[in-house]
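Close look at the chain arrangement
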Amino acid sequence: TEVSVLLYAYQEEVVERALRGENIIIWLPTGGGKTRAAVYVAKKHLETTANAKVVVLVNKVHLVDQHYTKEFKPHLGHDYKVVPVSGESEEKDFFGKVVQDSDVVICTAQILYNSLTNVEETKHVELSDITLLIIDECHHTHKESVYNQVMRCYVEKKLKGEQPLPQVLGLTASPGTGGAKILETAVAHVLQICANLDSAIVSTKNYVPELKEKVPRPVKTFDIVDKRPKDPFGDHLKTMMQLVHQYMNLPADIRLRECGTQEYEADVVILEQQGVKQDNRMWAQCALHLRQYNDALLINDTLRMKDAYRSLEDFYATKFTTGIEGTDLFLVGLFQENQVELRSLAGDSRYENPKMFKLESVLLKQFGPHVQSRGILFCKTRKSTHCLKDWVLTNKALQDAGIKAAILTGAGNGINYMTQHEQKDTIRSFRQGDLNLLISTSVAEEGLDIPECNLVVRYGLLTNEIAQQQASGRARARNSQYSVVAQKGGREVHRELTNEYLEELTGIAIAKVQELSCQEFHRKLNELQIDAFISRKAAESQKAEKKCRNSAASVRLLCRDCFKPVASGSDIKLVDNAHYVNVNPDFKQHYKVGGQVMLGRTFEDWEPGCTPLSSIKNFALETSEGRLTVKKWKDITFPVENFSFEEYCEDNFPDLLY
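Below: a short report on this structure. Note that the structure is a prediction, hence the values are computed from the model and not measured.

1. A closer look at the overall build of the chain
- Along the chain, the regular secondary structure elements total 22 helices and 20 strands.
- Burial status across the chain gives 51% buried among its 658 residues.
- Contacts in the chain between residues at least 24 apart in sequence constitute 73% of all its contacts with a sequence separation of at least 6.
- Total accessible area on the chain is roughly 31,800 Å²; 51% of this is exposed by carbon and sulfur atoms.

2. Quick notes on the packing of aromatic side chains
- Under the definition given, this model contains seven aromatic pairs.
- A centroid spacing of 5.0 Å and a plane angle of 80° characterise the contact between phenylalanine 315 and tyrosine 316, whose relative ring orientation is edge-to-face. Summarising the burial analysis for this pair, phenylalanine 315 and tyrosine 316 share the class buried.
- A centroid spacing of 4.4 Å and a plane angle of 5° characterise the contact between tyrosine 316 and phenylalanine 335, whose relative ring orientation is stacked. Of this pair, tyrosine 316 sits in helix α12 (residues 305–317) while phenylalanine 335 is found in helix α13 (residues 326–346), placing the two residues 19 residues apart along the sequence.
- A network of ring pairs unites the aromatic residues Tyr293, Phe315, Tyr316 and Phe335 as a single cluster.
- One Lys or Arg, arginine 374, reaches over the ring of phenylalanine 430 and ends 5.7 Å from the middle of that ring.
- Directly above the ring of phenylalanine 563 sits arginine 627, whose terminal nitrogen or CZ lies 5.0 Å from the centroid.

3. Considerations on the side chain of serine 568
- You can see serine 568 is positioned in strand β15 (residues 565–568).
- Among all residues touching serine 568, those that are not within four sequence positions of it are Ala552, Ala553, Val555 and Leu557.

4. Some remarks on the sheet that holds strand β9 (residues 375–378)
- Strands sit in the order β8-β13-β12-β9-β11-β10 across an open sheet of six strands; the sheet is parallel. With partners counted over all chains shown, the strands left at the sheet margins are β8 (219–225) and β10 (405–408), one partner each. When the angles between neighbouring strand axes are averaged without regard to direction, this sheet yields 20°.
- Sheet strands in contact with helix α15 (residues 382–394) are β9, β10, β11 (437–440) and β12 (455–459), and its direction is about 150° off that of β11.

5. Focus: the pairing of strand β2 (residues 54–58)
- Counting buried positions along β2 yields five of five residues, so the element is predominantly enclosed.
- With burial as the criterion, each face of β2 is covered, one bearing Val54, Val56 and Val58 and the other bearing Val55 and Leu57.
- Examined bridge by bridge, β2 and strand β4 (residues 104–108) share five bridges and lie parallel to one another. Bridged to valine 56 within β4 is isoleucine 106.
- When β2 meets strand β5 (residues 132–135), the two strands line up parallel, connected through four bridges. Bridge pairing in β5 links leucine 57 to isoleucine 135.

6. Quick look at the packing of helix α6 (residues 146–159) against helix α20 (residues 518–547)
- α20 packs onto α6 with a crossing angle of 110° between their chain directions and a minimal axis gap of 11 Å. For the element pair α6 / α20, the angle class is roughly perpendicular. The interaxial crossing formed by α6 with α20 has left-handed handedness. Contact with α6, carried on its side by Arg152, Val155, Glu156, Lys158 and Leu159, involves Asn526, Gln529, Ile530, Phe533, Arg536 and Lys537 of α20 and no other residues of that element.
- Among the residues forming the contact of α6 with α20, the class breakdown is four nonpolar, two polar and five charged.

7. Focus: the pattern of salt bridges
- This model, assessed by the stated rule, comprises 45 salt bridges.
- A salt bridge links lysine 43 to glutamate 47; the shortest N-O distance between them is 2.8 Å. With lysine 43 and glutamate 47 both in helix α2 (residues 34–48) and four residues apart, this pair spans about one turn of that helix.
- Notably, a salt bridge pairs aspartate 279 with arginine 627, separated by 3.1 Å at the nearest N-O pair. On the criterion of sequence distance, the pair formed by aspartate 279 in the loop between α10 (262–277) and α11 (281–302) and arginine 627 in strand β19 (residues 626–628) is long-range, its members being 348 residues apart.
- When salt bridges with common partners are traced through the structure, they connect Glu156, Lys160, Arg536, Lys537 and Glu540 into a single cluster.

Thresholds applied
Residues numbered from 1 in each chain as written. Predicted model: local features only at pLDDT ≥ 70, side-chain atom pairs only at ≥ 80, totals over all residues. Heavy atoms only, no water. Helix = DSSP H or I, 4+ residues; strand = E, 2+ residues; numbered from the N terminus. Buried < 20%, exposed > 50% of the residue type's maximum accessible area, 1.4 Å probe, protein only. Contact = heavy atoms within 4.5 Å. Areas by Shrake-Rupley, 256 points an atom, 1.4 Å probe, with all protein chains shown as cover. Phe/Tyr/Trp six-rings, centres within 6.5 Å; stacked < 30°, edge-to-face > 60°. Lys NZ or Arg CZ within 6 Å of the ring centre and 35° of its normal. Pairing = 2+ DSSP bridges. Axes fitted to C-alpha atoms, helices over the stretch in contact; angles between N-to-C directions. Parallel < 35°, antiparallel > 145°, perpendicular 65-115°, else oblique. Left-handed = near helix turned anticlockwise from the far one by under 90°. Nonpolar A, V, L, I, M, F, W, Y, C, P; charged D, E, K, R; others polar. Salt bridge = Lys/Arg side-chain N within 4 Å of Asp/Glu carboxyl O.

The following block contains the structure:
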């Protein structure tokens, strides 16, 4: 039997133009049923288009399975072949074939982009193979995001008059204002998103009351805390930082801003880079240690004193044995001399962070032995989630209230990341009621299919209006509460109020864009697309020029810690167009091996663990133009050859070949 897709009137209104084959961005609030509307458009498209091919793009791996399981498979799987493809699935290795043999493919944008640029027949896909391209959370289609890389291929073909091209359907809860605080610039931002997606933006006009009824907004409360009257632990850290400043004897033109702020962190990051470039190891090392003290102050401001102390203790645990000169002895000695005092201050409950008491009371209002509550507590970092979980588990009042908490953070490789499997298990337990509080980083703000919550708390967060709306949209139960726990007069309150204004401004900007005549709208889009095309070509040629500024053999890689040369640029090779490895066997003298490398994927010509993967941020580059530091491999100033397994064996294991 055919499965019907039923829409509310406000959803029917926003899909109307998409059903006519136009490129459309659907703007509906979180919980408004954007994905269901997209399924409806996909179904009608499949029914009415010859050789229809629908590709659904998502920006986070867990959304592949979610959209497949929750929406596309149940509604379209009966009549059409629907296939999910993520980095973990083998299908990505013959993605071209998968697209050819399927009606609907759901994948991460990176997989589609790789296949658009891959010339191998089994992997290659042309945009002309696709008839409908659905882009989830499409407000991410800007700058260098992978969504925008896909859409640049699209716009370039459009400008050259190459046909056919797929119809585009974007989905978003908020395109945002792009940081703009005035209407004119916000309108320009919305138009740029439209130009990047080559789409008009539509929203509910005739059924606003029904939309508000179906998607209730939570009750928002500011839970304000007075500044802690005394902070001897924080004051002691600041005194230690001043001693480091004196030791460095910085020139008058280098000014560091207030300790314990993000601005100070930015200053010491630049100071460390200057130290590396100027061969001043004392500056570089002091800056690294100052950043750790600043981190501890930021933690002290948000979490418990003992969490702040522990972060410093963990850092110095690795430093006691690795000191190599006077600067190291001074820095490690400073911590050791003050360690007992810091530990004692961190354990003094009289000076504990008042925000933690406020957070406790916010949670206790919603949770109790006989209350069925579900909540999400959003905080800034993965470290914060672990500290808050430890606090919940060791807090008697919260345990007596029946709070069962778990962490939810982004999927990825590395000791602090969750696997996709762990993410799924956590959300399943939350849905089933085995857990009732998720302590999460921003991963749960966007797109995740989380059951209705009656409490969302944002704790120690400074984010933009898009993230704020996404978080608010997780509180979907009727009469739910959205709480902002913040210090009186603090930056969180100011940012939250600014975001409310920006949310309104986004709505006004979208209305202005929608008021443009069809002719004027398309003229503006065309202008923006041509400008972007010209700018990109200029940037690409500049990048290519920068890449060839130095020969690989002339560049030396220095250890960022001790400035010792450890490799040549010619030792570095590129695997699978994604991973940079050092193929020189002598490199092993310079590093310690950690645990087994688990990358969660396979490669055609390389086995993880055989050649060390390196992070460029751990090195300084010594070039003919002087010493420099880069954050990512894409920013290096020398060309890197592709890794050849045959050549590697020939150079290192000739006996195996002959």
